[in-house]
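Architecture and fold: a report
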Amino acid sequence: MTSPDVPHTEALDPAVLHPRLPSPLEEVADERFARHGVRLLLKRDDLIHPDLVGNKWRKLAPNLRAAAGRPLVTFGGAHSNHLRATAAAGRLLGLGTIGVVRGDELAHRPLNPSLARCAADGMRLHFVDRSTYRRKSEPETLAAILRAADAAEAYVVPEGGSNSLAVHGCLALGEELRGRADVVAVACGTGGTLAGLAAGLAQDQRALGIPVLKGNFLAADTAELQQRTFGARRGTWSLDTRFHFGGYARVPDELEAFAADFESRHGLPVEHLYVAKLLYGLVVLTEEGAIPPGTVLAAVITGSPFPSAPPRVP
């Protein structure tokens, strides 16, 4: 159902949802950085929109325009922030949404809170086995998935929302941070945010990605996204793959404790799957000396906890 405040048109502009852009940039005093001569800034993308939070807004907005009123079909795991954001966009803008979920064994189980939120927002869930899901980028497999999900005519948004349109959407993130920091760090799932961020920064800035999944595939994926979008690698960027804590949605006690401590220090609700791993990694890198004294370091807060409390407005 279309929101009563949002007119349904064939090419609905998501700007009618009034995103808070540019997102705020605030400095926090944290002795773990200060004692090494590093200033820590938080780029509060979690304040862009209460339902389309952070980089999900930046990646989804250009895809919503391209969809031109067609239903959206996209992909994710059982705890996917991207699935929730897509479902919320559908509810707010009156668009049908279909979520292709990894793991057909989940089809006969009660929905977890994340998938239940998707369903409550009107997303139709279609579960596929993990082997098929891994091959979803193959044209024949994708076509078969779309037919089975009754989504052959839908607009396809890839897993994590990362495509060339999304990379262009994240370009503005880097542009908003030009001249504001020496190093800009972001947690990474599929590489789209890092690809756009790095391209939008100035030449004397660098971007650092902290992957939240195990494996060394993300450098190639990010470079491929930049190649597809810009025709070449853009900006200065690198990855540190040490802080995934066992893989996506893995949040051991150590990370839980770190997130709670950061929240108590700074009053910032810390999202665990991405943001906690980013901030933990930055503390370690600073203590190791990998972030040199005198550095102005910006951390992109790409999400808020789920179930989310209202974010603190600076």
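Topic: the overall build of the chain
- When helices and strands are counted, the chain shows 11 helices and 10 strands.
- Computed over C-alpha atoms, the radius of gyration of the chain comes to 19 Å, within 12% of the 20 Å expected from 2.2 N^0.38 for 314 residues, which places it in the range of a compact globule.
- Dimensions along the principal axes, computed over C-alpha positions, put the chain at roughly 55 × 40 × 35 Å.
- When the 314 residues of the chain are sorted by exposure, 54% land in the buried category.

Focus on the pattern of salt bridges
- Under the counting rule described, the total for this entry stands at 22 salt bridges.
- Residue Glu105 pairs with Arg130 through a salt bridge whose shortest N-O separation is 2.6 Å. Of this pair, Glu105 sits in the loop between β4 (97–102) and α4 (113–120) while Arg130 sits in helix α5 (residues 130–134); the two residues are 25 residues apart in sequence, bridging distant segments of the chain.
- Arg130 sits in the partly exposed class, given a relative accessible area of 38%.
- Look at the salt bridges and you will find they share partners, linking Asp30, Glu31, Arg32, Asp261 and Arg265 into a network.

A short note on the packing of helix α8 (residues 192–200) against helix α9 (residues 218–230)
- In the contact formed by α8 and α9, the axes pass within 9 Å of each other and the chain directions differ by 55°. Taken together, the axes of α8 and α9 are oblique relative to one another. α9 is crossed by α8, and the crossing has right-handed handedness. Where α8 approaches α9, its residues Gly192, Leu194, Ala195, Ala198 and Ala199 are matched on the opposing element by Thr222, Leu225, Gln226 and Phe230.

Looking at the packing of aromatic side chains
- Under the counting rule described, the total for this entry stands at six aromatic pairs.
- An angle of 40° between the planes, with centres 6.2 Å apart, marks the rings of Phe258 and Phe262 as tilted. A residue pair is termed a helical-turn pair when its members lie 3 or 4 positions apart in one helix, as Phe258 and Phe262 do in helix α10 (residues 253–266) at four residues. Each member of the pair, Phe258 together with Phe262, is buried.
- A cation sits over an aromatic face here: Arg84 above Phe306, 3.9 Å from the ring centre.

Describing the sheet that holds strand β6 (residues 155–156)
- Read from one edge of the open sheet, four strands run β5-β4-β3-β6, paired in parallel fashion. Looking at which strands have only one partner, the edges of the open sheet turn out to be β5 (123–128) and β6.
- When strand β3 (residues 72–76) meets β6, the two strands line up parallel, connected through two bridges. Across the sheet, the residue bridging to Val73 is Val156, located in β6.

Here we look at the nonpolar core
- One finds Leu40, Leu42, Leu279, Leu282 and Leu297 to be the most contacted residues of the largest nonpolar core, which totals 34 residues.
- Those elements that provide at least two residues to this core are β2 (39–43), β7 (183–188), β8 (206–211), α10, α11 (275–288) and β10 (296–300).

Section: the sheet that holds strand β9 (residues 237–239)
- The strand order β1-β2-β10-β7-β8-β9 describes an open sheet built from six strands, whose pairing is mixed. Because the sheet does not close on itself, it has two edges, and the strands there are β1 (25–28) and β9. Taking the axes of each pair of neighbouring strands and ignoring which way they run, one obtains an average angle of 25° across the sheet.
- With respect to the sheet, α11 is in contact with β2, β7, β8 and β10, its orientation differing from that of β10 by roughly 160°.

A word on the packing of helix α2 (residues 55–67) against helix α7 (residues 164–176)
- Look at α2 against α7: their axes get within 7 Å of each other, and the N-to-C directions meet at 135°. When the axes of α2 and α7 are compared, the pair comes out oblique. The chirality of how α2 crosses α7 is right-handed. On α7, the residues touching Arg58, Lys59, Pro62, Asn63 and Ala66 of α2 are Leu165, Ala166, Gly169, Cys170, Ala172, Leu173 and Glu176.

A word on the environment of Arg44
- Along the chain, Arg44 falls in the loop between β2 and α2.
- For Arg44, a relative accessible area of 0% puts it in the buried group.
- Arg44 sits 22 residues away from Pro22 along the chain, and the two C-alpha atoms are 9.3 Å apart.

About the thresholds
- Residues numbered from 1 in each chain as written.
- Predicted model: local features only at pLDDT ≥ 70, side-chain atom pairs only at ≥ 80, totals over all residues.
- Heavy atoms only, no water.
- Helix = DSSP H or I, 4+ residues; strand = E, 2+ residues; numbered from the N terminus.
- Rg over C-alpha atoms; globule rule 2.2 N^0.38 Å.
- Buried < 20%, exposed > 50% of the residue type's maximum accessible area, 1.4 Å probe, protein only.
- Salt bridge = Lys/Arg side-chain N within 4 Å of Asp/Glu carboxyl O.
- Axes fitted to C-alpha atoms, helices over the stretch in contact; angles between N-to-C directions.
- Parallel < 35°, antiparallel > 145°, perpendicular 65-115°, else oblique.
- Left-handed = near helix turned anticlockwise from the far one by under 90°.
- Contact = heavy atoms within 4.5 Å.
- Phe/Tyr/Trp six-rings, centres within 6.5 Å; stacked < 30°, edge-to-face > 60°.
- Lys NZ or Arg CZ within 6 Å of the ring centre and 35° of its normal.
- Pairing = 2+ DSSP bridges.
- Core = buried A, V, L, I, M, F, W, Y, C linked by side-chain atoms within 4.5 Å.

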